[in-house]
Amino acid sequence: MTEQSPRKRVRTRHFQNAKEQGIPIVGLTSYEQLSAAIFDAADIDFLLVGDSAGNNVFGDETTLAVTVDQLIPLTRAVARAVSRALVIADMPFGSYEGGPDDALHTAVRFMKESYAHAVKLEGGVRSAPQIRRIVDAGIPVMGHIGFTPQSEHGLGGHIIQGRGAGAEQLLADAHAVEDAGAFAVVLEMVPSDIAGRITKELRIPTIGVGAGPQVDGQLMVWTDFAGFSIGRVPRFVKQYANLSQVLGDAVGAYRADVASGAYPAPEHEYEG
């Protein structure tokens, strides 16, 4: 997204401008200040403080156990570290399913306590009332449909969404999110052709997570794209580095230097 000055804050209106001008939108997750500052300096358009922190920060098998109280300090750290990127806080499972008022309460907490610029929540038709309530209060919302990790048990696991008869439901979810006032919608793990159809039908931008190239932007979990994850890497991920190997090599070299007495060397000492 290059239509505004590199150091000017990305706003939700820039997402709409990017879609209209055919400029790809680029997003990554982030969970702390160090990665956030690096991504911001590289002109990443938006940073999602995702409930994927459950897998990548807290060591959980799923995102379901993540709480608002856990995500608020992570979001605050990311927001403080950036000067350009739009920072979006993920609303975790259980923080909005109770209805519109429940959802608004959570969204307000994120805006007041974490300095987020927007929030994201999962679900299409079923979450439209919550999205509308939050947007009516002046808080920008990014939707999320297709495979929704918070519903993985109900969906039967990590299963591609929108195939066959499921395509019409996915379309209905996309339009419900747009009609409720979301400024953008994530399409996760859906066939490329249906993602392209949704992108053409919607006025708001679509952000793909395993949705192919026919969308308005892309989002990846940073530990996946940088080779810093443990376990299975999703099919849609392209790894641009192998940070696990780099860090492992560095730790091994440090340990060897300490064991041999090579570290600390004279240049690392203070004189009396």
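Residues numbered from 1 in each chain as written. Predicted model: local features only at pLDDT ≥ 70, side-chain atom pairs only at ≥ 80, totals over all residues. Heavy atoms only, no water.

**Some words on unusual backbone geometry**
- Looking along the chain, the bond that leaves Tyr263 and enters Pro264 is cis, with omega of 0°.
- You can see Pro264 is positioned in the segment after α11 (243–260).
- Notably, Asp43 is not glycine yet its phi reads approximately 65°, a positive angle.
- For Asp43, the location among the structural elements is in the loop between α2 (33–41) and β2 (46–49).
- Look at Asp43 and you get partly exposed, because its relative accessible area is 31%.
- Despite not being glycine, Tyr115 shows a phi value in the positive range, around 65°.
- With respect to the helices and strands, the residue Tyr115 is situated in the loop between α5 (100–113) and β4 (118–120). (Helix = DSSP H or I, 4+ residues; strand = E, 2+ residues; numbered from the N terminus. Buried < 20%, exposed > 50% of the residue type's maximum accessible area, 1.4 Å probe, protein only.)

**What about the pattern of salt bridges?**
- Scanning the entire structure with this criterion turns up ten salt bridges.
- Between Asp216 and Lys19 there is a salt bridge, and its shortest N-O distance comes to 2.7 Å. Here Asp216 is found in the loop between β7 (206–209) and β8 (217–220), whereas its partner Lys19 is found in helix α1 (residues 12–21), with 197 residues between them in sequence.
- The shortest N-O distance in the salt bridge between Arg197 and Glu168 comes to 3.7 Å. With Arg197 in helix α9 (residues 192–201) and Glu168 in helix α8 (residues 166–179), this pair connects stretches of sequence that are 29 residues apart.
- The exposure class assigned to Glu168 is partly exposed, which follows from its relative accessible area of 48%.
- Shared partners join several salt bridges into a network, and the residues in it are Asp43, Asp45 and Arg84. (Salt bridge = Lys/Arg side-chain N within 4 Å of Asp/Glu carboxyl O.)

**What to know about the UniProt feature "binding site: Mg(2+)" (unreviewed entry) in the protein chain**
- In the numbering adopted here, UniProt assigns the feature "binding site: Mg(2+)" (unreviewed entry) to Asp51, Asp90 and Glu122. For the residues just named, distributed over 72 residues, the greatest C-alpha separation is only 11.0 Å, placing them together at one site.
- Within the element layout of this structure, Asp51 appears in the loop between β2 and α3 (53–56).
- By relative accessible area, Asp51 is classed as buried at 4%. (UniProt positions renumbered as here; feature names shortened; annotations may be inferred.)

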